[in-house]
Amino acid sequence: MKLTVIGCGYLGATHAACMAELGHDVVGIDVDAYKIERLQAGEVPFFEPGLSDILRRNIDAGRLRFTTDHLAAADHASVHFLGVGTPQEPRGHRADLSHVYAAVDALVPTLRGAHLIIGKSTVPVGTCAELAQRISLLSHSGADVELSWSPEFLREGFAVEDTLEPDRLVLGIGSLDPDGLNTAAQDPGAGSSAGEVVREIYREILETGVPLIETDWATAELVKASANAFLATKISFINAISELCEIAGADINTLADAIGHDPRIGRRFLNAGLGFGGGCLPKDIRALTARADDMGAPRAVGFLREVDAINMRRRGAAVELVFEALGGEVLGRNIAVLGAAFKPESDDVRDSPALTVASRLALEGASVTVFDPKAMDNSRRVYPSLDYASSARDACDRADVVVIATEWAEFVHMTPEELEGVVRARRIVDGRRCLDPQMWRDAGWDYRALGGPAPTRPAPRNNPSEQVSGFAPGASVR
Ligand code: UDX
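As the structure is a computational prediction, the values presented were derived from the model and not from experiment.

J.: Please clarify how the UniProt feature "binding site: NAD(+)" (unreviewed entry) in the protein should be interpreted in this entry.
T.: Sequence positions flagged by UniProt for "binding site: NAD(+)" (unreviewed entry) are, in local numbering, D30, K35, T86, T122, E156, K283 and R350. Spanning 321 residues, the named residues do not form one spatial group; their C-alpha atoms are separated by as much as 23.8 Å. Residues within four places of D30 in sequence aside, it is in contact with G7, C8, K35, I36 and T68. Positionally, R350 belongs in the loop between β9 (334-338) and α14 (353-363). Its 19 C-beta neighbours within 10 Å are what place R350 among the partly exposed residues. Sequence-distant contacts of R350, defined by excluding residues within four places in its chain, comprise G278, G279 and F342.

Here it is in structure tokens:
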């Protein structure tokens, strides 16, 4: 099937490559000429394991190309995915939908005949109904443009796997009546070709038993927002309980294991530590809260403000722990911060807890040196005034304390012997509770873990895709 993917950032580029991998003939379109040039050359402009292989293979096979020419969409296909970014507004908590509107405004007037737009970006509930009105105003008289929404649930670091082997596919279908009112809730499927088209696009995936949940626009929009809100809540829940563990002298890792055995709770996403960051969870819970306010239901998800607050204060708690480790003063002390990405297997530093901690310590007068296996360029761009080292060992050179801020495999597998004679003092703050405390203590280190007394063993990672082993070749494991 011929498809276009509009917006070739993280989501769009992955989606375009994966659709081509399924055998479709795909054109990826973006306004950013540099990005398009790199993608067309088979280079992924960000770090994502496995993506460059798929990209190159499909470009070489002639099933995938990239362009900045928006007119190419109408020429190439009658099915168009929208994968543009919906970041947090610069001043406020709402989602910035300007890229979505710009893409629709550029695409729709060029279309003639029957076309289907399938949105994939994370958008606030009500966006489809607004966009449908815009589409009907912008459409040529000879065009019949249908809008559907199929949110994407991919995780950075597992983007290819999550796209080609998803847990579920969701498709929101709708239409407007002649008065411009959304008729979707009454009969979402009426007169729609979207279900049939989507079943054809994802045939190979659906044949493996992946469920396709067909629903109305609003439900599809809210499915995505609530999935991320739930995940964020789970992380903040365990971090809130870890605050109690700190006072009570209890072990949050054992507690997470014990409650996680209940299948209604589950152990995944119960790793306490520095909390969540990245380009999705923080901005999505804020956007959902802002949308609820706009809808006149501020109390409905008011608890997400607390989820956000718990998450943000973990960063402050990590800074305090470093102060404690250094006897209450960081001024002039050398601090090695290992990790800058918001999580391992990513070079993304958006809202990264690691960099918040590093920059706060620097602001307090410490001499902070950061190392990350993949996120150095992005970190330098965002925090140019921090010092950066070319290896973990270099970052730890004459350090008064080492802070583990992102649980990259090479930090998790680091041994005290490797840092012997490198650091100035044997102090380590485990912001991700990912080290073996006994090993560090036995070697004479002052080991402190964020979220309560040090466990007697490292935090287990029950989710196989969150295992600390089995990292991509790029992550040099010692
Ligand atoms: C998330 C969702 O998982 C994904 O479904 C959605 O499509 C986009 O947002 P992503 O942002 O790639 O994906 O990261 P994720 O793996 O969910 O981790 C988010 C953050 O939570 C990271 O900073 C991670 O370190 C943190 N985290 C995760 C914890 O602090 N504890 C945990 O137990 C799990």
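J.: Would you mind going over the UniProt feature "binding site: substrate" (unreviewed entry) in the protein with me for this structure?
T.: If you check UniProt for "binding site: substrate" (unreviewed entry), the listed places come out as F153, L154, R155, E156, K224, F269, L270, N271, A272, G273, G277 and K343 in our numbering. In sequence the annotated residues extend across 191 residues, and in space they extend as well, their farthest C-alpha pair lying 24.8 Å apart. Mapping K224 onto the fold places it in helix α10 (residues 217-248). Note on K224: 24 C-beta atoms within 10 Å, which makes it buried. Residue class for A272 comes out buried when judged on the 28 C-beta atoms lying within 10 Å of it. If near-sequence neighbours (up to four positions away) are discounted, A272 is found in contact with I238, N239, S242, I252, A256, R433 and G451.

J.: Would you mind showing me how to read the site of the ligand here?
T.: In the neighbourhood of the ligand, 19 residues make up the surrounding shell, with E156, N271, F276, G278 and C280 lying closest. Per-element tally for the shell around the ligand: the top contributor is α10, with 3 residues. Of the residues contributing to the shell around the ligand, the split by class is 10 nonpolar, 6 polar and 3 charged. When residues of the shell around the ligand are assigned to domains, at least three map to each of domain 1 (2-210) and domain 2 (229-466).

J.: Would you take a moment to explain the packing of α10 against helix α12 (residues 281-294) for this structure?
T.: Describing two packed helices takes the angle between their axes plus the distance from one axis to the other. Where α10 contacts α12, the two axes come as close as 9 Å, and the packing angle between them is 115 degrees. As α10 packs across α12, the resulting crossing turns out to be left-handed. Along the contact surface, α10 presents A225, N228, A229, L231 and A232, while α12 presents L281, D284, I285 and L288. Considering only residue class, the contact of α10 with α12 consists of 7 nonpolar, 1 polar and 1 charged.

J.: Just checking my understanding: could you explain the pairing of strand β13 (residues 427-430) for this structure?
T.: Residue alternation in β13 divides its side chains into two sets, R427 and V429 and I428 and D430, and both sets are buried. When strand β12 (residues 401-404) meets β13, the two strands line up parallel, connected through 3 bridges. Along β13, the bridge assignment pairs V402 with I428.

J.: It is not clear to me how the domain arrangement of the protein should be interpreted in this structure. Could you clarify?
T.: Put simply, an interface is often sized by how much accessible area is lost when its parts join up. According to the domain assignment, the protein consists of domain 1 (2-210) and domain 2 (229-466). Each of domain 1 and domain 2 has a C-alpha centre, and the two are 34 Å apart. Listed by partner, the interface residues are 15 residues for domain 1 and 15 residues for domain 2.

Cut-off values and rules
- Within every chain, residues take consecutive numbers counted from 1 along the sequence as written.
- For this predicted model, a pLDDT threshold of at least 70 governs which residues receive local features, and a threshold of 80 or more governs which side-chain atom pairs are given and counted, while totals over whole chains, interfaces and linings are taken from all residues.
- UniProt positions are given in the numbering used here, feature names are shortened, and annotations may be inferred rather than shown by experiment.
- We call two residues in contact whenever the C-beta atoms placed from their backbones are within 7 Å.
- A run of DSSP states H or I qualifies as a helix once it reaches four residues; a run of E qualifies as a strand once it reaches two. Both are numbered from the N-terminal end.
- To assign burial, the other C-beta atoms lying within 10 Å of each residue's own C-beta are counted, with C-beta atoms placed from the backbone; 20 or more indicates buried, 12 or fewer indicates exposed, and intermediate counts indicate partly exposed.
- Should the C-beta atom of a residue, placed from the backbone, lie within 6 Å of a molecule or strand, that residue is near it.
- Think of it as three bins: nonpolar holds Ala, Val, Leu, Ile, Met, Phe, Trp, Tyr, Cys and Pro, charged holds Asp, Glu, Lys and Arg, and polar takes everything else, Gly as well.
- In this entry, domain limits derive from an automatic or database-based domain assignment.
- Every axis in this analysis is a line fitted to C-alpha atoms, fitted for helices over the stretch in contact. Angles between the N-to-C directions lie between 0 and 180 degrees.
- Handedness of a crossing is defined here by the sense of rotation of the near helix relative to the far one, left-handed for an anticlockwise turn of less than a right angle and right-handed for a clockwise turn.
- Note on pairing: DSSP must find at least two bridges between two strands before they are called paired.

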